[in-house]
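# Breakdown of the fold
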Amino acid sequence: MATACGVLSVVSALSALALLAGPASAAPRPLGRTPGPSVRLVECDLRAGPYQEEAEEHLGLPRDGLQSAADCAGIQHFQFSNGMETANGFAGPETWRMIQFERAAADPSSLKGCAPEKGVVVCVDLTRQILWVTNGGRVVYGPVPARSGVRGYATRTGRFAIYERVEEEWSDLYDSPMPFSQYFSGGQALHGSYRGIWEEPGSQGCVNLRYADAQRLWRALRIGDTVRVWGARDS
C-alpha cells in the first residue's frame, strides 16, 4: 500500500470509457463518512473579495469591485449551487476556481494544454484546477473540478502513468481516507474526497476530486493509462 498522500478486470479502453458517461452507483459509507460535502449557508460576508470583479462579471452583476448585499447574495447562491461547504458570499480563491470550472464546462474549445496522443490521457490543468480525459485526442469526460497540492506540497508536473490503484485507500502519513486512489507519481494520486474540494488550502500533493468523479474515473481507467499535469496553482 502506498503511504503518501489491484487487480483489474480486463476490459477494452472503449468499454471502460463508456462508464464515464453513466451515473455513479450508490456510494458506500466506509469509516462512518458520507460522500460529498455538507453544504450550508452562513451569514453573508459583505467584504469585497480578491476575485470580486471576476465573480460579478461571471454572474452578470454590476462590475464595480464593491460588495453589495445583492452581490453577496448572488455569490452565495453560486457557491451553494456548486457545493461549497460554507457558502458565505465572499469571492475568494474557492469562488475563482468555481468560475474557472464553469467557464471551461461551457466552452469545450478552452480545454487546451494536454498534448494529444493515442489512447487514454487524464489531463490535469493546475492553473485552472480542472481535469478532463481524452481518448485519441478527443475529450470523453469532463471537465470536472480538481484540487491540487499547496505550496511546499506541489503536485508534480509532467507526463506520468498510473502505476497503482487502491479502491479504499487510507493515508497513514496524513491520517486521511483516499477513496478510489490511482497513483501516478511517487505517492501522488488521483482520488476522491468525502468532503467538498473547493475549500482551501488544498491537498498535500494529490489531485483531489469530488467523490462521484473519482468513482467514475476508477471504473474507466487502468494501470498504464497516461496522466499529464501542467500549469501552476495560484498560491
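Anything mentioned here points back to the structure above.
Report on the accompanying structure. The model shown is predicted, which means the values in this text are computed figures rather than measured ones. (Residues numbered from 1 in each chain as written. Predicted model: local features only at pLDDT ≥ 70, side-chain atom pairs only at ≥ 80, totals over all residues. Heavy atoms only, no water.)

### Let's talk about the overall build of the chain
Counting its secondary structure elements, the chain contains 5 helices and 11 strands. Within the span of the chain, comprising 235 residues, buried residues form 49% of the whole. Total accessible area on the chain stands at roughly 11000 Å², and carbon and sulfur atoms take up 54% of it. (Helix = DSSP H or I, 4+ residues; strand = E, 2+ residues; numbered from the N terminus. Buried < 20%, exposed > 50% of the residue type's maximum accessible area, 1.4 Å probe, protein only. Areas by Shrake-Rupley, 256 points an atom, 1.4 Å probe, with all protein chains shown as cover.)

### Observations concerning the nonpolar core
Judged by nonpolar contacts, the single largest core of 24 residues is most densely connected at Val122, Val124, Leu131, Leu190, Val207, Leu209 and Val227. Those elements that provide at least two residues to this core are strand 3 (120-125), strand 4 (130-135), strand 5 (138-147), strand 8 (176-185), strand 10 (207-210), helix 5 (211-220) and strand 11 (226-230). Leave out the neighbours within four places in its chain, and leucine 190 touches Val122, Val124, Leu131, Phe180, Ser181, Gln182, Phe184, Val207, Leu209 and Leu221. Counting 19 residues, the second largest nonpolar core, distinct from the first, contains Ala91, Trp96, Phe101 and Ala104. (Core = buried A, V, L, I, M, F, W, Y, C linked by side-chain atoms within 4.5 Å. Contact = heavy atoms within 4.5 Å.)

### So, the pairing of strand 10
A regular strand places its side chains on the two faces of the sheet in alternate fashion. Pairing between strand 5 and strand 10: 2 bridges, direction antiparallel. Bridging across to strand 10, alanine 146 finds its partner in leucine 209. Here strand 9 (residues 188-193) pairs with strand 10 via 4 bridges, running parallel. By the bridge assignment, serine 193 is partnered in strand 10 with arginine 210. (Pairing = 2+ DSSP bridges.)

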